[in-house]
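Topology and contacts: notes
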Amino acid sequence: MSNSKKTEQTVESNLAKSTKIVATYAGRGVVTKEGHKNFGKKFYKYNLSGPAAEIKEFINDPTNQEYGIKYAADGETVQYWCNWKDPFGTIGTAYSVRVSRYGTYVLDKEESYDIEDTMEELEKKGLHTAARVYAETKLSARLGLGLNRSNVNRLAEIASDGAGADLSKE
């Protein structure tokens, strides 16, 4: 088979598309159904928001029907449950939802993977403190703390040269 023919087949079977659905992390749960294959395991809940037509498409998608559509405690907010949690995600962190090349709805994890990759590269270069400060900065931004002098890790502060210090006092 020629390369161009392979490309045509790949493109035809690629079901990927973007959506305007946003998934906001809402918390976690634990499978409590006795005898369930995932009994005792954690899962993570994301509230969905976006255009009504796209939410309806999500609800009617056969892959979501297989597991049943879940709703938040209010009985109205559609939820997406999965076994992935962003290590930097906190309640209220929002993610884009897209359709994978296989036709299933998934969270866009690229930002999280980018954070992890940057930390790994810093650590590979022996910059463990820099990796820690980077992680703290990302997490504080997601928590809404922002970066300011009062909440920067003390290890990252510039060391004083001692100029002006009164060393005569005990």
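This part takes up the pairing of strand S2 (residues 42-49). Alignment of strand S1 (residues 17-30) against S2, held across eight bridges, turns out to be antiparallel. Following the sheet pairing, Gly-27 is matched in S2 by Lys-45. Here S2 runs beside strand S4 (residues 78-82); their pairing, made up of four bridges, is antiparallel. If you follow Tyr-46 over to S4, its bridge partner there is Tyr-80.

The next thing to look at is the pairing of strand S5 (residues 94-99). Burial along S5 is one-sided: Tyr-95, Val-97 and Val-99 are buried, while Ala-94, Ser-96 and Arg-98, pointing the other way, are not. As judged from the five bridges shared by S1 and S5, these two strands associate in the antiparallel manner. Counterpart to Val-22 in the pairing with S5 is Ser-96. Of the strand pairs in this sheet, S5 and strand S6 (residues 105-107) are connected by three bridges, and their pairing is antiparallel. What sits directly across from Val-99, in S6, is Tyr-105. Following S5, the chain reverses through five residues before pairing antiparallel with S6; Gly-103 in that reversal takes a positive phi of roughly 95 degrees.

Another aspect to go through is the layout of surface pockets. If you add up the space inside the largest pocket, you get close to 910 Å³. Considering the residues around the largest pocket, the lining is formed by 29 residues, among which Phe-43, Tyr-67, Trp-81, Cys-82 and Asn-83 are closest to the centre. Secondary structure elements with two or more residues in the lining of the largest pocket: S2, helix H3 (62-65), S4 and S6. Here the element with the most residues in the lining of the largest pocket is S4; it accounts for four residues. Split into classes, the residues belonging to the lining of the largest pocket amount to 13 nonpolar, nine polar and seven charged.

Thresholds applied
- Residues numbered from 1 in each chain as written.
- Predicted model: local features only at pLDDT ≥ 70, side-chain atom pairs only at ≥ 80, totals over all residues.
- Heavy atoms only, no water.
- Pairing = 2+ DSSP bridges.
- Helix = DSSP H or I, 4+ residues; strand = E, 2+ residues; numbered from the N terminus.
- Buried < 20%, exposed > 50% of the residue type's maximum accessible area, 1.4 Å probe, protein only.
- 1 Å grid on protein atoms, 1.4 Å probe; cavity = no way out; pocket = protein on both sides within 12 Å on 5 of 7 lines; lining within 4 Å.
- Points joined across faces, edges and corners; volume = space filled by probe spheres on them.
- Nonpolar A, V, L, I, M, F, W, Y, C, P; charged D, E, K, R; others polar.

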